[in-house]
Every structure is written in C-alpha cells, then in structure tokens.
Amino acid sequence: MDFIKEELEEIKERGLYRSLRLIEGEQGPEVDLEGRRVVMLCSNNYLGLANHPRLKEAAVEAVKKYGCGSGASRLISGNMELHQELERRIAGFKHTEAALVFSSGYLCNIGVLGSLMGEGDVILSDEFNHASIIDGCHFSRARVKVYPHSDLNALEGELKGLKGYRRKLIVTDGVFSMDGDLAPLPGIVELAKKYKAMTMIDEAHATGVMGENGRGCVEYFGLEGQIDIQMGTLSKALGSLGAYIAGKKELIDFLINRARSFIYTTALPPPVCAAAIAAIEIVTQDHRLRNRLWENAKFLREGLSSMGLSVGNSETPIIPIIIGESSTTMKAYEILLQYGVYVQGIRPPTVPVGSSRIRTTVMATHNREHLTRALEAFRAVRKELERYNSGNSKE
Ligand SMILES: *Cc1c(COP(=O)(O)O)cnc(C)c1O
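Residues numbered from 1 in each chain as written. Predicted model: local features only at pLDDT ≥ 70, side-chain atom pairs only at ≥ 80, totals over all residues. Heavy atoms only, no water.

A short note on the environment of Glu334
Spelled out, the test is: A helix here means a DSSP run of H or I that spans at least four residues, while a strand means a run of E at least two residues long, and both kinds are numbered starting from the N terminus.
When you line up the elements, Glu334 lands in helix α14 (residues 326-338). Taking C-alpha positions, Glu334 is 9.3 Å from Val381, a pair spaced 47 residues apart along the chain.

Pasting the structure below:
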C-alpha cells in the first residue's frame, strides 16, 4: 500500500492537502473551533435552522415517539409515518403532485440520473454542476455533454447537433455552489421545449433561500410547473439531512422502482424527518429569516466589493472572493482564521485551476458585529496578501 503515502505526499506538494477541523458545540453564527471562538462564515446553515429550538424540539419528540432508527430501507420495512408526512409537506411546499425523499443530496442525484438515463441517452450538464451531478452522469452510462457555464448559445449548439439519442436531459444547479450565481433557467426551459429535452434542476442552495416563499429558483424565475425534475436538499437551509425529488406522481413511482440509491439504503431516521418537517413550516410561515439572510448577503458582498476584492458573479448568500493561486488562497484562509473568521479556501479540483478562492456563506443569524468583524479581517487579508505576493513573485 505504498502508493497511499506517495499520493498523500504529492497532494501536499501541490498545496492541495485537506484535513478535518473540529467544531465543538452547536452550529451557530459563531462557533468554537478547536478552542477558539470564531465567526462561522462557511456553513450552508443559511437560516440558522440547524440549531433552531423548534427543530431540536421536533427531533427530540420524534425520538421519543418513533425511536432513533428506521430499521430498513423504505421498500423493505423502513417506511414510517414521518417519511410520508415529510413527502406530503415537500410536495405541498413545491406545488408538485408528489415528492420522494432520499438519504442525502449526493445519493439523490446519483440515483435519479442513474435511473432515468442510460446507454443511448444524452445528458447536457453545466461545467460547474455539483460533483454529485457529475458522478450521477457517469453512473448513468449516458453520453454526457458538458456545456460552458451558463452559456445558452453553447447549449443550443449542442442540442442542435444531437442525433439518434433516445432521451435527452438538461441538468443544472439552480444556485451554483462555488460561485453563488444563478443558472439562466428561463433560457434553459425554452431550449428544452424547442429541442424536446427533459429538464432537471438541483436546488440544494436555493431551497429555503430563493423565491418569495423559499421554494427555490423555480419560484424565483416564475417557472413552476415547467421543470420536469426538481431536486433539493433538506441539509442546507432546512437544517436537517436528506434530499428530495419533487415532480409528477409517475416520476416518483418510477424512482421508487428504479433508483438504486433509494432502494438499497436505509430510510432516514425519524428525528431527521421531524426536523425537516419543522423547517418547512418555518420557511413557509416566517419570511423574516430569509429577509435577514438577504440583507446580510448584501451587506457583506458590498463591503467586500468596496474594498476592491473580486466577488465574481455572486448574486446570493454564497460569496466567493476569487484569489487565483492555491497557496495564496490558503495563506488568506490562515490570516482570516487568525482574525477569528472561519471560511474555506476552495482549490482544484473543486474549482478550475487558477480560480482558487475563499468561499464565504452568510447566515440569517449573523449580526452586524459578526459581519463587520469579517470585513475587518478581509481588509487585513488584502494588505498581507499584497506583501506576500510581492515577496513571492513566482506566484
Ligand atoms: C450540497 C450539494 C449536494 C449534496 O447534498 P447533500 O445533502 O449534502 O449530500 C448536491 N448538489 C448541490 C448543488 C450541493 O450543493
């Protein structure tokens, strides 16, 4: 097994080594990171629901009533009341005929793409789609055509050239996870109609965040009823775990019968389902958290831009600060941590070579003091990076 050590060395030499950091206590706008109190600026817990009292209470009550585990996959004996209830709530929330819950977003994407698409089919996939979509495309054994990020002309070019395929599917993130920009959904829907392709959207970062009522990009763009397959997660803004597909009843029946990552895995445990149900209630009944999230995103984005940092095309609470070189990015990460701000440095292969970045995500539960502290830290980063870069001219 010598290759393991060698590969690890190589990863380290390339400045791409990753390791786990430990958060003590709960997931809030500030956390205890290995003995230090820091501002959390890299969580997908957008609305602060992961540690919201109503979700905690719902989970505790569910454990008391239903226990900790579900015992089996849904089709064997693990299908419990809370799964049915959760799916009913999701379908209601998303205004679709039906919904199906998967154990995670990753499992959902590989299961859906792997079952709907196969040999003889073609998938058109945005180059910045999430890894779970990329893996789902591979799983499916369909032909995959990756189009340049959000480029409708290139997408139409690909669609025009397709001949002899059985099924066609266009798949895109709604909010792109590393850039925080939005897919050009109206244009994609139009092209899908013109070229008779199916459409699938991944609303992982949009569920609870985008649209007047938090129903995602489909609501935001006024496209309800026009996307064939809507995927979203329960693990980000909804503060729990799992993912869903919302769509037509027949689609759901098909997935129950065909999606291997639904069939061959244990059903979500009751407390997780109960927390997700409580989260959907909060998201639909209370717009205050979402409003605060957007105010905070605007405040941070404008603050960063005004000090001359590049936030790319961010339009959402995901705000990347594009730096370029991996090592410089990690230097910035360290400086921010010294200033008590916890962010992530994102490097290849997660993002293209030369576009390494600090990725920040804002939460509704941040107060102005948290965000002001973050901006001060970024001001220090800008200064130190200037010094660092002039001392490392090869960078
Ligand atoms: C996080 C994410 C997923 C995976 O969801 P998990 O529930 O964390 O497995 C899928 N797609 C996108 C776009 C994501 O950001």
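There is more to say after this.
Points about the pattern of salt bridges
Threshold: Each reported salt bridge corresponds to a side-chain nitrogen of Lys or Arg within 4 Å of a carboxyl oxygen of Asp or Glu. Accessibility here uses a 1.4 Å probe with only protein chains present; expressed as a share of the type maximum, an area under 20% marks a residue as buried, one over 50% as exposed, and anything in between as partly exposed.
This structure, assessed with the given rule, holds 23 salt bridges. One salt bridge connects Glu61 with Lys64, and the closest N-O pair in it is separated by 3.6 Å. You can see Glu61 and its partner Lys64 sitting in helix α2 (residues 53-66), three residues apart, about one turn around the helix. Looking at Lys64, the relative accessible area reads 63%, which means it is exposed. For Glu281, the salt bridge is made with Arg89, and the minimal N-O distance between the two is 2.8 Å. Taken together, the residues Glu281 in helix α12 (residues 270-285) and Arg89 in helix α4 (residues 81-94) connect sequence positions 192 residues apart. The network of salt bridges with shared partners includes Glu30, Asp32, Arg37, Glu369 and Arg373.

What to know about the site of the ligand
The following threshold applies: Nearness of a residue to a molecule or strand requires only that one of the residue's heavy atoms be within 4 Å of it. In protein, a polar contact means a hydrogen-donor-capable atom and an acceptor-capable atom, both N or O and within 3.5 Å, with residues adjacent in sequence counting only if both atoms are side-chain atoms; elsewhere, any N or O pair within 3.5 Å suffices. In this classification, Asp, Glu, Lys and Arg are treated as charged, Ala, Val, Leu, Ile, Met, Phe, Trp, Tyr, Cys and Pro as nonpolar, and every other residue, Gly included, as polar.
In the neighbourhood of the ligand, 14 residues make up the surrounding shell, with Gly105, Tyr106, Asp202, His205 and Lys236 lying closest. Note that an oxygen atom of the ligand is positioned 2.8 Å from one of the side-chain N or O atoms of His205. Split into classes, the residues belonging to the shell around the ligand amount to two nonpolar, nine polar and three charged.

Quick word on unusual backbone geometry
Across the junction of Pro348 and Pro349, the peptide omega takes the value 10 degrees, indicating a cis bond. Inspection of the secondary structure puts Pro349 in the loop between β13 (344-346) and β14 (356-361). The phi angle at Arg141 is positive, at roughly 65 degrees, despite the residue not being glycine. As for its position among the elements, Arg141 is in the loop between α6 (131-140) and β6 (143-147). Taking relative accessible area as the criterion, Arg141 reaches 63% and is therefore assigned exposed. Its identity as a non-glycine residue notwithstanding, Ser150 has a phi of 55 degrees, on the positive side. Along the chain, Ser150 falls in the loop between β6 and α7 (152-161). Owing to a relative accessible area of 22%, Ser150 belongs among the partly exposed residues under this scheme.

Here we look at the packing of helix α5 (residues 105-116) against α6
This is how the line gets drawn: To get an axis, a line is fitted to the C-alpha atoms, and for a helix only the part in contact is used. The angle between two axes follows their N-to-C directions and goes from 0 to 180 degrees. We call two directions roughly parallel when the angle between them is under 35 degrees, roughly antiparallel when it is over 145, roughly perpendicular when it lies between 65 and 115, and oblique otherwise. By convention, the crossing between two helices is left-handed when the near helix turns anticlockwise from the far helix through less than a right angle, and right-handed when the turn is clockwise. By definition, residues are in contact when any of their heavy atoms lie within 4.5 Å.
Here α5 crosses α6 at 30 degrees, and the two axes come no closer than 7 Å. As summarised for this structure, α5 and α6 are arranged roughly parallel, according to the angle between their axes. Note on packing geometry: the crossing formed by α5 with α6 is right-handed. Together, Gly105, Tyr106, Asn109, Ile110, Leu113 and Gly114 of α5 and Ser132, Ile133, Asp135, Gly136, Cys137, Phe139 and Ser140 of α6 make up the contact between the two elements. A per-class count over the contact of α5 with α6 returns six nonpolar, six polar and one charged.

Looking at the nonpolar core
Under the convention used in this document: Among buried residues, those of type Ala, Val, Leu, Ile, Met, Phe, Trp, Tyr and Cys that are joined through side-chain atoms within 4.5 Å constitute a nonpolar core.
Ranked by size, the top nonpolar core spans 47 residues in total, and within it Leu47, Leu49, Leu86, Ile90, Leu185, Cys217 and Leu234 carry the most contacts. Those elements that place two or more of their residues in this core are α2, α4, β4 (98-102), α8 (185-194), α9 (217-220), β10 (243-247), α12 and α13 (288-306). Examining the composition of this core, we find that 11 residues originate from one element, α12, more than from any other. Residues within four places of Ile90 in sequence aside, it is in contact with Ala99, Val101, Leu234, Tyr244 and Ile280.

Some thoughts on the pairing of β14
What counts here: At least two bridges found by DSSP between two strands is the condition for calling them paired.
Burial of β14 is extensive: six of the six residues sit out of reach of the surface. Residues of β14 alternate between two faces, with Ser356, Ile358 and Thr360 on one and Arg357, Arg359 and Thr361 on the opposite face, all of them buried. Pairing analysis gives six bridges linking strand β11 (residues 318-324) to β14, with the strands arranged antiparallel. Note that in β14 the partner of Ile319 across the bridge is Thr360. Where β13 lies against β14, three bridges are found, and the strand directions are antiparallel. Its bridge partner lying in β14, Ile346 is registered against Arg357.

Quick word on the packing of α7 against α8
In the contact formed by α7 and α8, the axes pass within 11 Å of each other and the chain directions differ by 15 degrees. Considering their axes alone, α7 and α8 lie roughly parallel with respect to each other. Considering how the two elements wind past one another, α7 and α8 form a crossing that is right-handed. Listed contacts from α8 to Leu152, Leu155, Glu156 and Leu159 of α7 are Gly187, Ile188, Leu191 and Lys194. Residues that form the contact of α7 with α8 fall into these classes: five nonpolar, one polar and two charged.

What to know about the sheet that holds β4
Spatial ordering of the open sheet is given by β4-β10-β9-β8-β7-β5-β6, a layout of seven strands whose pairing is mixed. Looking at which strands have only one partner, the edges of the open sheet turn out to be β4 and β6. Sheet twist, expressed as the average angle between the axes of neighbouring strands with direction ignored, equals 20 degrees. Direction of pairing for β4 relative to β10: antiparallel, over a ladder of five bridges. For Leu100, the partnering residue across the bridge sits in β10 and is Ile245. Sheet contacts for α5: β4, β5 (122-126), β7 (168-173), β8 (198-202), β9 (229-233) and β10; angle to β9, the most-contacted strand, approximately 160 degrees. Against the sheet, α7 contacts β5, β6 and β7, and its axis sits at roughly 170 degrees relative to β5.

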